[in-house]
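# Structure assessment
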Amino acid sequence: RSAPTSRAVPTASAPMASWSVCAPRVAVQLLLLAAPRVVLVWPFNRTFGEVEQTFARRYRLTKTDEFSSVFGFRKAIRGKLLMLHFQPRPEGNNEARLGLVVAKKLLKRAVDRNKVKRVVREQFRLRLAGLPAVDLVIRLAAKPVPLDSKLLAEDFLALLNKLQRPRPKREE
């Protein structure tokens, strides 16, 4: 018996197979020559207070421990559709961060869960400059029927307003 070879033999029935095995280096070189170089130029100067158009990693809660810490602080504000859990950030951190929890139990379709996240993220991004230094976790508390972006945005903004209002001290 002869050992199987790793080289493909060009045949009339499979011209593409022979090309891909025999000339992969040529194909890569051609792709590199044909790929245009992209230069990104940002036309705005961010020193004058323009709003960033991204949701940068420094504004996100990313780790399980960060979410657990906020839930463990046990401070929350309830809205019509959303629930806002919050925890003040330690000294030296002056930016708000956001985490989102949208359960499959309330919204079965991924499209709907992603829409809720998109709407809340966008409203957070637009109001970031006026927020105190807190970690926020937004949780969908009730099933929105029908799923309305405007209603979600209004509920989130109402929660942010409640968060920023000073609460009167209780006298005991």
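As a reminder, the structure under discussion sits directly above these lines.
Report on the accompanying structure. Bear in mind the structure is a predicted one, so any value in this text is a computation, not a measurement.

### Re the side chain of D112
- You can see D112 is positioned in helix α4 (residues 110-127).
- By relative accessible area, which is 17% here, D112 ends up buried.
- Sequence-distant contacts of D112, that is, excluding residues within four places in its chain, are made with L107 and L147.

### So, unusual backbone geometry
- The amide bond that connects V145 to the next residue, P146, takes the cis arrangement and shows omega of -15°.
- Tracing the chain through its elements places P146 in the loop between β4 (134-140) and α5 (149-164).
- Of note in this structure, R74 is not a glycine but carries a positive phi near 60°.
- Tracing the sequence through the fold places R74 in the loop between α3 (64-73) and β1 (76-78).

### With respect to the packing of α4 against α5
- Between α4 and α5, the shortest axis-to-axis distance is 9 Å and the interhelical angle comes to 45°. By the criterion of interaxial angle, the relationship of α4 to α5 is oblique. The element α4 and its partner α5 pack so that their crossing is right-handed. Taken together, the residues of α5 that come into contact with α4 (itself represented by K115, V116, V119, V120, Q123, F124 and R127) are S149, L152, A153, F156, L157 and L160.
- Looking at the contact of α4 with α5 residue by residue, the classes come out as nine nonpolar, two polar and two charged.

### Here we look at the nonpolar core
- L82, L84, L98, F124, L136 and I138 are the most contacted members of the largest nonpolar core, which has 29 residues in total.
- Sorting elements by how many residues they give to this core places α5 first, with six residues.
- The contact partners of L84, leaving out residues within four places of it in the chain, are K75, A76, I77, L136, V137, I138, L159, L160 and L163.

### A few points about the pattern of salt bridges
- As enumerated under the stated definition, the model contains six salt bridges in all.
- One salt bridge in this structure joins R97 and E66, with 3.4 Å as the shortest N-O distance. Of the two residues, R97 is situated in strand β3 (residues 97-101) and E66 in helix α3; the sequence distance between them amounts to 31 residues.
- Under the relative-accessibility criterion, E66 is labelled buried at 18%.
- A salt bridge links R97 to D135; its shortest N-O distance comes to 2.9 Å.

Quick notes on the rules
- Residues numbered from 1 in each chain as written.
- Predicted model: local features only at pLDDT ≥ 70, side-chain atom pairs only at ≥ 80, totals over all residues.
- Heavy atoms only, no water.
- Helix = DSSP H or I, 4+ residues; strand = E, 2+ residues; numbered from the N terminus.
- Buried < 20%, exposed > 50% of the residue type's maximum accessible area, 1.4 Å probe, protein only.
- Contact = heavy atoms within 4.5 Å.
- Axes fitted to C-alpha atoms, helices over the stretch in contact; angles between N-to-C directions.
- Parallel < 35°, antiparallel > 145°, perpendicular 65-115°, else oblique.
- Left-handed = near helix turned anticlockwise from the far one by under 90°.
- Nonpolar A, V, L, I, M, F, W, Y, C, P; charged D, E, K, R; others polar.
- Core = buried A, V, L, I, M, F, W, Y, C linked by side-chain atoms within 4.5 Å.
- Salt bridge = Lys/Arg side-chain N within 4 Å of Asp/Glu carboxyl O.

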